[in-house]
Amino acid sequence: MASSSDDDFVILICSNPNPIAAEPPQEEIHISTTDILSWDLPTILSYPTVKVHACRNRLIEKSSYFQGLLRGSFRVHFILGWRRSSQSVKLGFLKYLLPKANEFLPELCASYLARNFMWAMTSKVFGNVPYNLLLSCLDHPYLTVDSEMHLSDALLVWLNANSKQLENFSRTGEHCHGIFRHVRIGLLPLWFAAGKRNSCYFSKVFEESIDLIFRLVDAPPITSMNVLEHADLHHLKIRLTEYSKKVNLSGCPQITLATLLLSVLPVSYSMDPTLRKSIKQLLIGLERHERDQSPIPQGLLPMLSFEAVQEIDISKCPRLHLEAFITCISKSFPSLRTLKAAYLLNFKTTALHQLVHRCPLLREVDLTMDISPLIPAQVSVGSSSLAITPPLSNKSLSVGNDPADVISLKKSGMSLPNITKLTLEGRSDICDLDLQYISKFCSSLHELNIQGCISVTDVGISNLLGKCMKLHSIVVCDTSFGVNSVLSLCSGVTNHGSFPVAHLGRKHKSLAFSLQKLHMGGCKGVDETSFRELLSQTQTLTSLCLRDTHLNDEILHCFSGSSLKMLDVSNTMVSGAALAQIVHGNPGLKHLRARGCRNMLQQETNTSEGEFSSLYKCKELYFELGKKCKLEEVALGWGFSCFSFEALQPAIKSLKSITVGLGGSLGEDVLQRLSATCPMLESLILHFQVISDTVVTNMMSLRNLRVLALCYCLGDISMLSFNFSTPNLRKLRLERVTPWLTNNDLIILTQTCANLVELSLLGCKLLGSDSQQIISHGWPGLTSIHLEECGKVTENGISSLLDCTALEDLLLHHNGPGIQKNFIFYAASKLPMLRKLSLDLCDASEGDFDIPDYDDKCLVSTVKIARCKPRRCNFSLPAHRRPVHEETLVLVRNSKNLYRTVVKERL
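Residues numbered from 1 in each chain as written. Predicted model: local features only at pLDDT ≥ 70, side-chain atom pairs only at ≥ 80, totals over all residues. Heavy atoms only, no water.

Enquirer: Is there a simple way to explain the overall build of the protein in this structure?
Expert: Each helix and strand in the protein was counted, giving 32 helices and 30 strands. Here the protein holds 907 residues, and 54% of them are scored as buried. Sequence-distant contacts, at least 24 apart, represent 71% of the contacts inside the protein between residues at least 6 apart. Carbon and sulfur atoms make up 52% of the accessible area of the protein, which amounts to about 39,900 Å² in all. (Helix = DSSP H or I, 4+ residues; strand = E, 2+ residues; numbered from the N terminus. Buried < 20%, exposed > 50% of the residue type's maximum accessible area, 1.4 Å probe, protein only. Contact = heavy atoms within 4.5 Å. Areas by Shrake-Rupley, 256 points an atom, 1.4 Å probe, with all protein chains shown as cover.)

Enquirer: Just to check I follow, could you spell out the pattern of salt bridges for this structure?
Expert: When the charged atoms of two side chains with opposite charge come close together, those side chains can pair. Tallied over the entire structure, the rule returns 22 salt bridges. The partner of R427 in a salt bridge is D429, with the nearest N and O atoms 3.2 Å apart. When sorted by exposure, R427 lands in the same class as D429, which is buried. The network of salt bridges with common partners includes K316, D370, E808 and R835. (Salt bridge = Lys/Arg side-chain N within 4 Å of Asp/Glu carboxyl O.)

Enquirer: Whenever I open this one, the packing of aromatic side chains confuses me. Can you help?
Expert: Aromatic ring pairs are described here by two measures, namely the spacing of the ring centres and the angle between the planes. Throughout the structure, instances matching the rule amount to 11 aromatic pairs. Relative to F126, the ring of F117 has its centre 5.6 Å away and its plane inclined at 85°; by these criteria the two rings are edge-to-face. On the accessibility criterion, F117 (0% relative accessible area) is buried. Among the aromatic side chains, those forming a connected cluster through ring pairs are F180, W191, F192 and F206. Here R115 stacks its cationic end above the ring of Y243, 5.4 Å away from the centre of that ring. The aromatic ring of Y343 is capped on one face by R835, whose charged end is 4.0 Å from the ring centroid. (Phe/Tyr/Trp six-rings, centres within 6.5 Å; stacked < 30°, edge-to-face > 60°. Lys NZ or Arg CZ within 6 Å of the ring centre and 35° of its normal.)

Enquirer: Explain the confidence of the model for the protein here, please?
Expert: Interpreting fine coordinate detail is not advised for predicted regions of low pLDDT. Summarising the model, the protein shows a mean pLDDT of 83, and 79% of its residues fall at 70 or more. A low-confidence stretch, residues 1-6 stays under pLDDT 50, and its non-local contacts, those more than four residues away or across chains, total 16 contacts. When the criterion is pLDDT under 50, residues 409-413 qualifies, and its contacts beyond four places in sequence or with other chains add up to five contacts. (pLDDT = per-residue confidence, 0-100.)

Enquirer: What am I meant to see in helix α16 (residues 322-332) here?
Expert: Three- or four-residue spacings in an α-helix give side chains the same orientation, since the helix completes a turn every 3.6 residues. When you tally the buried positions in α16, you get 10 out of 11 residues, the bulk of the element. Inspection of α16 places L322, E323, A324, F325, I326, T327, C328, I329, S330 and S332 among the buried residues, and these make up the whole buried set.

Enquirer: Can you help me understand unusual backbone geometry in this one?
Expert: Working note: non-glycine residues mostly have negative phi, and peptide bonds are mostly trans. For Y343, which is not glycine, the phi dihedral falls at a positive 60°. Among the structural elements, Y343 can be located in the loop between β9 (338-340) and α17 (349-358). With a phi angle near 55°, Y712 is a residue other than glycine that sits in the positive phi range. Assignment of secondary structure puts Y712 in the loop between β22 (707-711) and β23 (731-735). Accessibility expressed as a relative area gives 36% for Y712, which makes it partly exposed.

Enquirer: What am I meant to see in the nonpolar core here?
Expert: The nonpolar side chains of a soluble globular protein tend to be buried, and buried together. Judged by nonpolar contacts, the single largest core of 181 residues is most densely connected at I314 and F481. Look past the residues within four positions of I314 in its chain and what remains in contact with it is L249, L320, L322, F325, L339, K340, A341 and L344. Residues Y47, L155, F180 and F206 belong to the second largest nonpolar core, which totals 63 residues. (Core = buried A, V, L, I, M, F, W, Y, C linked by side-chain atoms within 4.5 Å.)

Enquirer: Honestly, the side chain of T888 in this entry has me stumped. Any pointers?
Expert: Here T888 lies in strand β29 (residues 884-893). Relative accessible area serves as the criterion here: at 1%, T888 is assigned to the buried category. A distance of 3.4 Å separates the side chain of T888 from the side chain of H885, its partner in a polar contact. Apart from residues no more than four positions distant in its own chain, T888 is found in contact with K864, I865, A866, T901, V902, V903, E905, R906 and L907. (Polar contact = N/O pair within 3.5 Å; in protein donor to acceptor, adjacent residues only side chain to side chain.)

Enquirer: So what exactly am I meant to see when it comes to the packing of helix α21 (residues 483-491) against helix α22 (residues 528-537) here?
Expert: For any two helices packed against each other, the geometry comes down to the angle between their axes and how far apart the axes lie. Viewed as axis vectors pointing N to C, α21 and α22 meet at an angle of 30°, and their least axial separation amounts to 10 Å. When the interaxial angle is binned, α21 and α22 end up roughly parallel. Helix-helix and strand crossings are classified by hand; for α21 and α22 the assignment is left-handed. Residue-level contacts link V483, V486, L489 and C490 of α21 to S530, E533, L534 and Q537 of α22. For the contact of α21 with α22, the per-class residue count stands at five nonpolar, two polar and one charged. (Axes fitted to C-alpha atoms, helices over the stretch in contact; angles between N-to-C directions. Parallel < 35°, antiparallel > 145°, perpendicular 65-115°, else oblique. Left-handed = near helix turned anticlockwise from the far one by under 90°. Nonpolar A, V, L, I, M, F, W, Y, C, P; charged D, E, K, R; others polar.)

Enquirer: Please explain the pairing of strand β27 (residues 836-840) as it appears in this structure.
Expert: On any regular strand, side chains alternate: one points to one face of the sheet, the next to the other face. Within β27, four of the five residues are buried, which leaves the element mostly enclosed by the surrounding structure. Note on the crossover from strand β26 (residues 809-813) through helix α32 (residues 823-830) to β27: the handedness is right-handed. Of the strand pairs in this sheet, β27 and strand β28 (residues 862-869) are connected by five bridges, and their pairing is parallel. Note that in β28 the partner of L837 across the bridge is V863. (Right-handed = clockwise from strand over helix to strand, strands pointing away. Pairing = 2+ DSSP bridges.)

Enquirer: Before we go on, may I ask you to explain the environment of F722 in this structure?
Expert: Along the polypeptide, F722 turns up in the loop between β22 and β23. Taking relative accessible area as the criterion, F722 reaches 1% and is therefore assigned buried. Those residues in contact with F722 that lie beyond four places of it in its chain are V696, M700, L734, T738, L749 and T752.

Enquirer: Please clarify how the environment of N116 should be interpreted in this entry.
Expert: Mapped onto the fold, N116 is located in the loop between α5 (104-115) and α6 (117-121). A polar atom in the side chain of N116 sits 2.9 Å from the side chain of W119.

Enquirer: Looking at this structure, how should I read the packing of helix α30 (residues 743-752) against helix α31 (residues 771-778)?
Expert: Two numbers describe how α30 lies on α31: the axes approach to 10 Å, and their chain directions differ by 5°. The orientation of α30 relative to α31 falls into the category roughly parallel. Contacts between α30 and α31 involve N743, L746, I747 and T750 from the first element and S771, I774, I775 and G778 from the second. A per-class count over the contact of α30 with α31 returns four nonpolar, four polar and no charged.

Enquirer: Is there a simple way to explain helix α29 (residues 693-700) in this structure?
Expert: For α29, the complete set of buried residues consists of V695, V696, M699 and M700. Seen along its axis, α29 keeps its buried residues to an arc of 135°; they face one direction. Along its buried surface, α29 packs onto α27 (667-672), β21 (683-687) and β22. (Arc of directions from axis to C-beta.)

Enquirer: Can you help me understand the environment of E886 in this one?
Expert: Within the secondary structure layout, E886 lies in strand β29. On the basis of relative accessibility, which here comes to 34%, the residue E886 falls in the partly exposed class. Distance in space between the C-alpha atoms of E886 and K869 is 6.0 Å, their sequence separation being 17 residues.

Enquirer: Looking at this structure, I do not really get the side chain of D478. What am I missing?
Expert: Secondary-structure assignment places D478 in the loop between β14 (473-475) and α21. Taking the relative accessible area as the measure of exposure, D478 reaches 7% and is therefore buried. Those residues in contact with D478 that sit more than four places away from it in its chain are I375, Q378, Q451, G452, C453, I454, G521, G522, C523 and R547.

Enquirer: Is there a simple way to think about the pairing of strand β24 (residues 758-762) in this case?
Expert: The buried fraction of β24 amounts to four of the five residues, a majority that puts the element mostly inside the structure. Relative to β24, β23 runs parallel, the two sharing five bridges. Across the sheet, residue E735 finds its bridge partner in β24, namely L762. In terms of handedness, the path from β23 via α30 over to β24 forms a crossover that is right-handed. In the sheet, β24 pairs with strand β25 (residues 784-788) via five bridges, with the strands oriented parallel.

Enquirer: What should I look at first to understand the state of the cysteines in this one?
Expert: Here, disulfide denotes a covalent bond that connects the sulfur atoms of two cysteines. Applying the stated criterion to the full structure yields zero disulfides. C713 takes part in no disulfide bond, and the closest cysteine sulfur, belonging to C711, lies 6.8 Å away. The exposure class assigned to C713 is buried, which follows from its relative accessible area of 7%. (Disulfide = S-S within 2.5 Å.)

The structure is reproduced here in structure tokens:
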């Protein structure tokens, strides 16, 4: 706001609700425009209130805005034409001062914007940054971004906002490309660069990026150091400044130890040929030694330290020498708090031991992997064997098994690890011995995720839970979590030796009592007595997942908590009445998943009165939800009808995700009104619903829609449904709903849904082999493709489909017998991000597929090959006989082994 002090000067009062400093030195600071050259912007902006003494006449003379303001009302809703938020005021202030100050101020503005580029790019007013200021910022050595992807995104946003201004530039587009020359295109994530290949102005830039990425990926780590012979290595150095807080390299398969070393060593090492040679020799030595041995000799290289960095993400970077990487980050990033290293098969459990000791301030570690399809409770195993014997160097965590190790660690002066959040989801290589290590050296854990860790036992989990008494978040879905683990949670005292002290903890609060998150979906080893005891003690839960368990009404009634925000009871035996009781006591519920609950419509008797009673109790659930909750997500099936939807309307005005499964029937009228009733929807998944062109058209009109799945739905729909642009749509599943889809229709779909990253088509029998090129040209950035029973897509083999270079998940079933025998090896070599591959022997041109040896730097973790047998039918013509599934060969690879398993199910 502005206030008058005298005739010549006014005081501009700028309120900053989010000052830079957590604890500002004082409430306000006074500055004057007469001292503008000496302004210290970071210090000034650390105060909640800034009072600027400015010349009244000069403001009126130079600004029409202040001319109107200072000659009229003194109420200020906007400062400098910007909404009064901390980010907008800072950007607006810079924009206002830039054209009015001397030559010194532009440098000051560019420096400040460069240091704070990440918050600037998220502001709605970022597009208003002047062109010259943006160029100065991009050239500035303090330019600080989390990744080159963020920088590219910011530039695209700015260019879109200034498209009219750019029309005045040269038609050759040199100005646009001049901006993008500041992006280090060799460090872009592959999926990002691939997805931008269709950019109208910058396709050439991203094509160059992809070409460079593949040249780096194809070169072995040792010979990749030949890049050191080039004069300019600037484009291969990770952008690091003293203001960097995050380093995001996720999805960059081209990243190697050489890249990291170039980024953390002094500039002289990239300029001096002798020093370059020493780095190259060091890397060659590392590659020749066992990967588990000491990677970088202490004190050999003078690594720079970036003390502000607190988070690093190297997910999907398979070419990093992890042991050497850990040594580097321990020296160059001493303040590291969070490490994300998801989907890395070469991250052995021995590396976790090294990591927690070399980085003493580390608090969060994410080692997520794809969950194995071989969940014991979900498959019928015919046979299983070890396909590859693990090398001797792949040791498990035998270190730290003696309590004396902890004592010796303390005596050595080293601090014990203080990890508070550990995510091991999907790591089938984790065993009980690893959990024992974790329980001893990470006893301060608050959050633990071992979902899908199928190699750990109930006893192993229970021992860990008995020692990590600070846990408040536990995710154990699809594991052997059972009676012993429940006993550890409910006992209230730690284990003595190897035996839990049962129920002695009743005098004390148990671990279960303090839990805020418990996800145990798919854990069928918990009996009814243990289940009751567990739910009776978990009174402070905010997130509870019990899907695919033996949950029934009697067990659910034992839960007395009142703080739930998320509840998942999918595929259980609970009824609508029991669920209504839970909803009544938990008005803060925002996420409810109850698909597959057949008892939602369970009838008590065979009389009409009993049927009415059951129907009433089911309605009671939706009335409770409508009265009590403000839902963001619902997933429902049995008993969910148009009447239920009407009762829910008060609760779903801000709904973001809805899934309707088998047993639910919303009706065409409700589906037509869905876009008006729930305008904030981002995810819409419908199974077995009746739909029409009008319904789908209304769905496509949802501005925020990112996920659309129509599966086994009835009704007549045509291509007219998809003739509306949905630029925000990212995932599309059309399963048994568009049998008429042709290659020409697919072309239209690539234009209306131009930004897809996941595509699933089932039963599109009119598609031909040319559809491969349509898909790869229309959606070059796809990371997931599922094509099943789609005509003749693969009849002539696989060609242009692999031009979707960032593919991570590929499923091809019954699309034509033209896939070559060596396709698994070929796909893995062409697609550096590929992790999951699913094929069918019916599509093999030679009747079989070769199973290659896996490269250590390959991300592929799961290969599924389905086998069919002819259907016996005396009345069907040979041309109409459809093969039926017989078994599936599943190859699952982790950091230790490759397992070969045959199961009965189609996975």
